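# Observations on the three-dimensional arrangement
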Amino acid sequence: MAQYHLRLAHLYGNLLNTYGDEGNILALKYYAQQMGAEIEVQLISIEEDFHADDFDLALFGGGQDYEQLVVSKDLPHKAAELKKFIEADKPLLAICGGYQLLGQYYVDANGQKIPGAGALDHYTLTQSQQRTDSANATRFIGDITIKNKETGQLYHGFENHNGRTFLGPKERPLGIVQEGHGNNGEDQTEGAIYKHTYCSYFHGPILTRNGELAKRMLLQALELKYPTADFSQQKALKIAPTF
Ligand code: GLN
């Protein structure tokens, strides 16, 4: 029996799961086990209640425009609890479509403006709605490497998106692009960080290739849930090098 128990909400996991992002859950479970923790996963989909207090971690994956539209219609029912979860400093990972839907809005390839949860400041356009015509007029697909400012860590992944995301004043990028396109192909940013919410366009999935990020999320969840426990051993956990 594991010493610590964490509950993870897989938001819309049966709709936004196109790019193998469930691998992020496997990575979290793998590293959690090495930290003496087990993770119980619960799928929360449309027409199901999400209560921030019931969970210690959350994953909001990526998907195609049609599924994003379906999810966006359900978001108003969950937006308040999503904001509560984020503002409570609980770790959340949002990938691609999930990243876009946490923001203010997403304008899809047909020019349809899809409202987001409004939990974060960013907004997303597609290439035809771009503010400038300087960026590549194609989908952003390919290998990407970014550098996270706080830790100096390099994160590696594979991006595949049509949306161009622009960060708001309260967000900072997950990293600065070293190779690849990133949020919008213009400002060298990739992804977003707000409190302990991490957003990215990385598939791969991001946590299997960048275990340090999984460790950061798990430590935060453990410290919040078990404030008197000593996690120095967990902090010292060596993560396999990324590739
Ligand atoms: N439909 C969105 C886009 O292409 C999100 C894609 C994704 O989740 N990979 O920008």
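Residues numbered from 1 in each chain as written. Predicted model: local features only at pLDDT ≥ 70, side-chain atom pairs only at ≥ 80, totals over all residues.

Across its full length, the chain holds six helices and 15 strands. For the chain, the spread of C-alpha atoms along the three principal axes comes to 55 × 40 × 30 Å. For the chain, the residues scored as buried account for 45% of the 243 residues in total. Considering only contacts within the chain whose residues lie at least 6 apart along the sequence, 70% involve residues at least 24 apart. (Helix = DSSP H or I, 4+ residues; strand = E, 2+ residues; numbered from the N terminus. Buried ≥ 20, exposed ≤ 12 C-beta atoms within 10 Å, placed from the backbone. Contact = placed C-beta atoms within 7 Å.)

Before going further, it helps to examine the site of the ligand. Close to the ligand lie Tyr19, Gly62, Gly63, Gln64, Asp65, Gln68, Cys96, Gly97, Asn160, His161, Asn162 and Gly163, which account for all nearby residues. Within the residue set of the shell around the ligand, elements represented by two or more residues are helix H2 (65-87) and strand S9 (154-161). Among the residues making up the shell around the ligand, the classes are represented as two nonpolar, nine polar and one charged. (Near = placed C-beta within 6 Å. Nonpolar A, V, L, I, M, F, W, Y, C, P; charged D, E, K, R; others polar.)

In a beta sheet, neighbouring strands are held together by backbone hydrogen bonds and run either parallel or antiparallel to one another. Strand order across the open sheet formed by six strands is S2-S1-S3-S4-S14-S13, with mixed pairing between neighbours. Both edges of this open sheet fall to strand S2 (37-44) and strand S13 (192-194), since each of them pairs with a single strand only. Within the sheet, the average angular offset between the axes of one strand and its neighbour, ignoring direction, is 15°. Across three bridges, the pairing between S13 and strand S14 (residues 197-200) is antiparallel. Bridge pairing in S14 places Ala192 opposite Cys199. Relative to the sheet, helix H1 (residues 23-34) contacts strand S1 (4-11), S2, strand S3 (57-60) and strand S4 (92-95), its axis offset from that of S2 by approximately 160°. (Pairing = 2+ DSSP bridges. Axes fitted to C-alpha atoms, helices over the stretch in contact; angles between N-to-C directions.)

A separate point is H2. Taking 1.5 Å per residue, 23 residues should reach 33 Å; H2 reaches only 28 Å between its end C-alpha atoms and comes up short. Taking the largest bend as the criterion, H2 deviates by roughly 60°, centred on Lys78. (Expected span 1.5 Å × (residues − 1). Bend = angle between axes of the 7 residues up to and from the residue.)

Between H1 and helix H5 (residues 211-225), the shortest axis-to-axis distance is 9 Å and the interhelical angle comes to 70°. Classed by the angle they form, the pair H1 and H5 counts as roughly perpendicular. When you trace H1 past H5, the crossing you get is right-handed. Between H1 and H5, the contacting residues are Ala27, Leu28, Tyr31 and Ala32 on the first element and Gly211, Ala214, Lys215 and Leu218 on the second. Looking at the contact of H1 with H5 residue by residue, the classes come out as six nonpolar, one polar and one charged. (Parallel < 35°, antiparallel > 145°, perpendicular 65-115°, else oblique. Left-handed = near helix turned anticlockwise from the far one by under 90°.)

With numbering aligned to this structure, UniProt lists the feature "binding site: substrate" (unreviewed entry) at Arg139. On the secondary structure map, Arg139 appears in the loop between strand S7 (123-125) and strand S8 (140-147). The residues touching Arg139, leaving out its near neighbours within four places in the chain, are Asn160, His161 and Asn162. (UniProt positions renumbered as here; feature names shortened; annotations may be inferred.)

On to H5, then. Its 15 residues place the ends of H5 21 Å apart at the C-alpha level, agreeing with the 21 Å of an ideal helix rising 1.5 Å per residue. Considered for burial, the residues of H5 that qualify are Gly211, Leu213, Ala214, Lys215, Met217, Leu218, Ala221 and Leu222.

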